[in-house]
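Residues per chain, in single letters:
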Amino acid sequence: MKKRILTGITTTGTPHIGNYLGAIKPALELAKNYDESFYFLADYHAIIKNSKNIEVSESVKNVALAWLASGLNPNKSFFYRQSDIPEILELSWILNCVTAKGLMNRSHAYKSATSLNTDDEDKGITMGLFSYPVLMAADILMFNATHVPVGADQIQHIEMTRDIAGRFNHLYKKTFILPEAIIQSSKETVPGIDGQKMSKSYGNIIPLLSSEKQLKTSIAKIITNSLEPGDPKDHSNCTVFALYKYFASKQMIEELKDDYINGIGWGDAKNKLFEIVNKDIEPVRKRYEELLNDKDLINDLLSDGAKKVRPIAKEMIDSIRSSIGINKIS
Ligand code: TRP
């Protein structure tokens with residue numbers, strides 16, 4: 001059996017260094033160990049929580065650019081937009097019809113949303129949010145992915161996918177492979193400029209797709225203590241050092257540790273961080289600018305992706321339709 005990984009990228013916001021280190025890089029790295037890899041822009045997931053059309057479309061563009069610029073090779077991987085494959089939505093409905101409502105009631109995402117409500121527990125909750133795990137199951141089962149790289153917060157969704165797949169296989173014909181989750185453990189969460197987890201909602205990000213100057217400014221804003229140059233410093237509780245570790249070799253890390261003991265000034269330490277981050281993301285920036293300069297390129301890449309993937313989806317949905325009795329009248 002072919003080992004096929006598939007992962008969806010919800011198109012919200014603009015990727016930052018934390019996404020790059022914690023999600024993009026490891027997901028792209030994984031492709032090397034599998035026969036086939038599928039990466040898609042989950043734009044129908046994006047409208048669950050965002051009704052601002054401009055934000056949704058900007059974000060699809062930025063997320064697509066970030067993944068491509070970070071090295072996603074559309075000749076080696078399948079790269080497509082969820083909304084370009086309407087069969088996924090068709091499958092989503094079919095799966096809705098075999099999914100127990102009770103299973104969805106137990107979804108963490110739904111429960112945490114209801115727990116914020118007092119009088120009416122379903123206040124502000126849409127059917128999109130409620131049945132979102134079914135759409136995610138359709139994303140995965142459409143292509144019979146064997147392995148699904150996800151963050152730890154998504155494990156429950158993969159379990160639900162297996163449940164739904166098993167239910168379909170039992171009711172109809174054995175159609176779906178039960179996928180396994182590959183947990184992308186962000187062992188240490190990447191800190192933002194204030195030392196908390198890097199996240200758009202905390203306003204502490206270092207953007208991935210930025211000019212050299214912007215990168216320098218972001219790094220200069222990292223909060224440190226007020227020790228003077230010459231004062232010995234503690235590397236273990238320092239955001240500059242924590243970020244440096246993601247990019248540097250073992251030897252360079254040891255050298256910076258010594259620099260801290262020897263009282264390196266914060267300006268110099270931040271310069272070292274800037275140099276190493278900049279070197280790492282320089283090729284990303286270059287590809288990003290190339291993609292940005294040629295407006296048709298990104299649309300062409302996505303439509304090529306859809307052209308490659310759609311026949312696979314079509315074959316699957318035809319077989320599913322016939323299993324459930326939606327077929328030619330005989
Ligand atoms: N829900 C996932 C997230 O928020 C994104 C996603 C959508 C996904 N469909 C998927 C991930 C299918 C893996 C497989 O991270």
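What you see is a predicted model; the values in this text were computed from it and never measured.

Colleague: Lay out the packing of aromatic side chains with the relevant residues and their values.
Modeller: By the definition in use, this model includes 11 aromatic pairs. With a centroid separation of 6.4 Å and 85 degrees between ring planes, the pair formed by Phe38 and Tyr80 is classed as edge-to-face. Here the residue Phe38 occupies a position in strand S2 (residues 36–42), and Tyr80 occupies one in strand S3 (residues 78–81), the gap between them amounting to 42 residues. Side by side, Phe38 and Tyr80 carry an identical accessibility label, which is buried. Connected via pairs of aromatic rings, a cluster forms that spans Phe38, Phe40, Phe78, Tyr80 and Phe143. Directly above the aromatic system of Tyr34 lies the positively charged group of Lys3, at a separation of 4.8 Å from the ring centroid. Taking the ring centre of Trp266 as reference, the NZ or CZ of Lys233 above it sits at 5.5 Å.

Colleague: Just give me the short version of the site of the ligand, but keep the residues and values in it.
Modeller: Not every one of the 14 residues close to the ligand is listed here, only the nearest: Thr10, Tyr132, Met136, Asp139 and Gln154. Residue Asp139 places a side-chain N or O atom 2.8 Å away from a nitrogen atom belonging to the ligand. Burial of the ligand by the protein amounts to 87% of the accessible area it has alone, namely 370 Å². Elements with a minimum of two residues in the shell around the ligand: strand S1 (4–10), S2, helix H8 (132–141) and strand S4 (147–150). Residues belonging to the shell around the ligand are distributed by class as follows: 8 nonpolar, 5 polar and 1 charged.

Colleague: So what's going on with a nonpolar patch on the surface? Residues and values would help.
Modeller: A surface patch of nonpolar side chains, about 260 Å² in accessible area, is lined by Tyr44, Ile47 and Leu89. Within the secondary structure, Leu89 sits in helix H4 (residues 87–96).

Colleague: How would you explain unusual backbone geometry if you had to name every residue and give the values?
Modeller: The residue Asn144 is not glycine, and still its phi comes out positive at about 45 degrees. Among the residues examined, Asn144 registers a relative accessible area of 16% and is labelled buried.

Colleague: Kindly report on the pattern of salt bridges, identifying the contributing residues and their values.
Modeller: Taken as a whole and assessed by the stated rule, the structure comprises 10 salt bridges. For the salt bridge of Arg4 with Glu36, the shortest nitrogen-to-oxygen distance reads 2.7 Å. One end of the pair, Arg4, is in strand S1; the other, Glu36, is in strand S2, and 32 residues separate them in sequence. For Glu36, a relative accessible area of 15% translates into the label buried. Several salt bridges converge on common partners, so that one network encompasses Lys2, Arg4 and Glu36.

Colleague: Describe in detail the side chain of Thr11, supporting the description with residues and values.
Modeller: Here Thr11 lies in the loop between S1 and helix H1 (17–30). In this structure, Thr11 is in contact with Leu41, Ala42, Asp43, Ala46, Ser59, Val60 and Val63, ignoring residues within four places of it in sequence.

Conventions adopted
- Residues numbered from 1 in each chain as written.
- Predicted model: local features only at pLDDT ≥ 70, side-chain atom pairs only at ≥ 80, totals over all residues.
- Heavy atoms only, no water.
- Phe/Tyr/Trp six-rings, centres within 6.5 Å; stacked < 30°, edge-to-face > 60°.
- Helix = DSSP H or I, 4+ residues; strand = E, 2+ residues; numbered from the N terminus.
- Buried < 20%, exposed > 50% of the residue type's maximum accessible area, 1.4 Å probe, protein only.
- Lys NZ or Arg CZ within 6 Å of the ring centre and 35° of its normal.
- Near = heavy atom within 4 Å.
- Polar contact = N/O pair within 3.5 Å; in protein donor to acceptor, adjacent residues only side chain to side chain.
- Areas by Shrake-Rupley, 256 points an atom, 1.4 Å probe, with all protein chains shown as cover.
- Nonpolar A, V, L, I, M, F, W, Y, C, P; charged D, E, K, R; others polar.
- Patch = residues over 30% accessible without salt bridge, like charges linked within 9 Å, V, L, I, M, F, W, Y side chains within 5 Å.
- Salt bridge = Lys/Arg side-chain N within 4 Å of Asp/Glu carboxyl O.
- Contact = heavy atoms within 4.5 Å.

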